[in-house]
Amino acid sequence: SQTIHQWPATLVQPVGSPLSLECTVEGTSNPNLYWYRQAAGRGLQLLFYSVGIGQISSEVPQNLSASRPQDRQFILSSKKLLLSDSGFYLCAWSVSIAGTYEQYFGPGTRLTVT
Amino acid sequence: QKEVEQDPGPLSVPEGAIVSLNCTYSNSAFQYFMWYRQYSRKGPELLMYTYSSGNKEDGRFTAQVDKSSKYISLFIRDSQPSDSATYLCAMSEVTAGGTSYGKLTFGQGTILTVHP
């Protein structure tokens, strides 16, 4: 069965510090990978998605970037965090089969920028 | 106007009640509809997945899609305290060429509490 991991689970960072969040998927090959942010009391906002190694599409212009150095690894980064970057960050995966749209989410990382 | 509207609640019901959760949408290109359950401080969990109009049943859960009204529903029968969570609807268009990297558009989520 497939498993998705995210770490760290929680993070408190000062404004202006760098960020690196990691997501890995087990039990599947060539998944589509996604990064979402969820603000308190709000739905999920898609930040980035990737259909393959080194292929990143950005949905929202922002202070963040993403990379996919390996097939089942997805990294979310920032060089300098802003207060507005606080939120619950979720990684998700889906199978890369045409006509399949279900996405499966990881446990999330709660980021607080102080 | 948001593409997907979902009443945030909160919704509080007694154990055993039938719960109805709903979303409306404006984009007629949406064809795939999903419901996720999210417990506090956890990632969303896929509950139900339906394509186009119609009903789908899975245990105590029934998902309904009415594309003519742009309205989807999730019914929970015999609700349990363990059903207390936030329920998110999500939708996707058919992407160009039938590719699978569907971008999901989410509702805001409805907070449900089932009390014993």
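Because the structure is predicted, anything quoted here is derived from the model rather than measured.

## Focus: the pairing of strand β7 (residues 65-70) of chain A
Residues and elements named next belong to chain A.
Right, so step 1: When β7 meets strand β8 (residues 73-78), the two strands line up antiparallel, connected through four bridges. Opposite S65, over in β8, you have S77 as the bridge partner.
Right, so step 2: Linking β7 to β8, which pair antiparallel, is a turn of two residues.

## Looking at the state of the cysteines
All names here are of chain A.
Right, so step 1: All chains considered together, the criterion is met by two disulfides over all chains.
Right, so step 2: One disulfide bridge connects C23 with C91, the sulfur atoms lying 2.0 Å from each other. A torsion of -75 degrees about the S-S bond marks the disulfide between C23 and C91 as left-handed. Here C23 is found in strand β3 (residues 19-26), whereas its partner C91 is found in strand β9 (residues 87-94), with 68 residues between them in sequence.

## Here's the deal with the pattern of salt bridges
All names here are of chain B.
Right, so step 1: Inspection of every chain in the model, using the stated rule, returns five salt bridges over all chains.
Right, so step 2: The partner of E57 in a salt bridge is R77, with the nearest N and O atoms 3.4 Å apart. One end of the pair, E57, is in strand β6 (residues 54-58); the other, R77, is in the loop between β8 (71-76) and β9 (85-93), with 20 residues separating them in the sequence.
Right, so step 3: Where D83 meets R60, a salt bridge forms, and the shortest distance between an N and an O atom there is 2.9 Å. Pair noted here: D83 is in the loop between β8 and β9 and R60 is in the loop between β6 and β7 (61-66), with a separation of 23 residues, a long-range link.
Right, so step 4: A relative accessible area of 1% means that D83 is categorised as buried.

## Focus on the environment of V114 of chain B
All names here are of chain B.
Right, so step 1: Its place among the elements puts V114 in strand β11 (residues 110-115).
Right, so step 2: Residue classification places V114 among the buried positions, given a relative accessible area of 4%.
Right, so step 3: Between the C-alpha atom of V114 and that of S73, which follows or precedes it by 41 residues, the distance is 18 Å.
Right, so step 4: Not counting residues up to four positions away in its chain, the partners in contact with V114 are V13, P14, E15, S79, Q80, P81, D83 and S84.

## With respect to the sheet that holds strand β1 (residues 3-7) of chain A
Sheets are built from strands that pair by backbone hydrogen bonding, the pairs being arranged parallel or antiparallel.
All names here are of chain A.
Right, so step 1: Read across the open sheet, the four strands follow the order β1-β3-β8-β7; overall the sheet is antiparallel. Taken across any chain shown, the strands that pair with only one partner, and hence form the sheet edges, are β1 and β7. Adjacent strand axes in the sheet meet at a mean angle of 20 degrees, parallel and antiparallel pairs treated alike.
Right, so step 2: As paired elements, β1 and β3 share five bridges and run antiparallel to each other. In the sheet register, W7 faces β3, and the bridge partner there is E22.

## Some details on the interface of chain A and chain B
Right, so step 1: Every contact between the two is made by 29 residues of chain A and, on the other side, 25 residues of chain B.
Right, so step 2: Both sides of the chain A and chain B interface together cover about 2000 Å² of buried area, and 57% of this is carbon and sulfur.
Right, so step 3: Counting across the chain A and chain B interface gives zero salt bridges.
Right, so step 4: Inspection of the chain A/chain B interface yields two residue pairs in polar contact (both at pLDDT 80 or more).
Right, so step 5: The set of elements that each furnish at least two residues to the side of chain A that touches chain B consists of β4 (32-38), β5 (44-52), β9 and β10 (104-105) of chain A.
Right, so step 6: Across the side of chain A that touches chain B, the residue classes tally to 15 nonpolar, ten polar and four charged.

## Overview of the layout of surface pockets
Right, so step 1: The calculated volume of the largest pocket comes to roughly 660 Å³.
Right, so step 2: Around the largest pocket sit 25 residues that line it, and L44, Q45 and L46 of chain A together with T105 and F106 of chain B are the ones nearest its centre.
Right, so step 3: Elements with a contribution of two residues or more to the lining of the largest pocket: β5 of chain A together with β9 and β10 (105-106) of chain B.
Right, so step 4: When residues of the lining of the largest pocket are assigned to their parent elements, the largest contribution, three residues, is made by β5 of chain A.
Right, so step 5: Tallied by class, the residues present in the lining of the largest pocket amount to ten nonpolar, eight polar and seven charged.

## Quick look at the pairing of strand β4 (residues 30-38) of chain B
Residue and element names in this part refer to chain B.
Right, so step 1: Burial of β4 is extensive: eight of the nine residues sit out of reach of the surface.
Right, so step 2: Bridge count for β4 against β9 is eight bridges, and the pairing is antiparallel. From the neighbouring strand, F33 faces β9, where its bridge partner is M91.
Right, so step 3: As judged from the six bridges shared by β4 and strand β5 (residues 45-51), these two strands associate in the antiparallel manner. Residue pairing in the sheet places M34 in a bridge with Y49 of β5.
Right, so step 4: Where β4 folds back on β5, the antiparallel hairpin that results is connected by six residues, among which R41 adopts a positive phi of roughly 65 degrees.

Conventions we followed
- Starting from 1, residues in each chain are numbered consecutively following that chain's sequence as written.
- The order in which chains are written sets their letters, starting at A; the order in which ligands are written sets their numbers, starting at 1.
- Per-residue local features of the predicted model are confined to residues with pLDDT of at least 70, and side-chain atom pairs are confined, for both listing and counting, to 80 or more; whole-chain, interface and lining totals are unaffected and use all residues.
- Note: side-chain values were computed over all heavy atoms of the structure, leaving out hydrogens and water.
- What makes two strands pair is DSSP finding at least two bridges between them.
- Secondary structure is summarised from DSSP: a helix means a run of H or I of at least four residues, a strand means a run of E of at least two, and numbering begins at the N terminus for each.
- Whenever a pair of cysteine sulfur atoms sits within 2.5 Å, that pair is classed as a disulfide.
- Salt bridges are identified by distance alone: a Lys or Arg side-chain nitrogen within 4 Å of an Asp or Glu carboxyl oxygen.
- Buried residues are those whose accessible area, probed at 1.4 Å on protein chains only, stays under 20% of the maximum for their type, while exposed residues exceed 50% and partly exposed ones sit between those limits.
- We call two residues contacting when some pair of their heavy atoms lies within 4.5 Å.
- The axes used here are C-alpha line fits, helices contributing only the stretch in contact, and every angle between their N-to-C directions lies in the interval 0 to 180 degrees.
- Buried area is calculated as the accessible area (1.4 Å probe) missing from two parts once they are joined, with the contributions of both summed.
- In the analysis that follows, any N or O atom pair within 3.5 Å is treated as a polar contact, provided that within protein one partner can donate a hydrogen and the other can accept it, and provided that, for residues neighboring in sequence, both atoms belong to side chains.
- Gly is placed with the polar residues, together with every amino acid not listed as nonpolar (Ala, Val, Leu, Ile, Met, Phe, Trp, Tyr, Cys and Pro) or charged (Asp, Glu, Lys and Arg).
- Here the term cavity refers to a set of points on a 1 Å grid, laid over the protein atoms alone, in which a 1.4 Å probe fits but cannot get out; the term pocket refers to an open set having protein on both sides within 12 Å along at least five of seven lines, with lining residues being those that place an atom within 4 Å of a point.
- Grid points are joined across faces, edges and corners, and a volume is the space filled by probe spheres set on the points.

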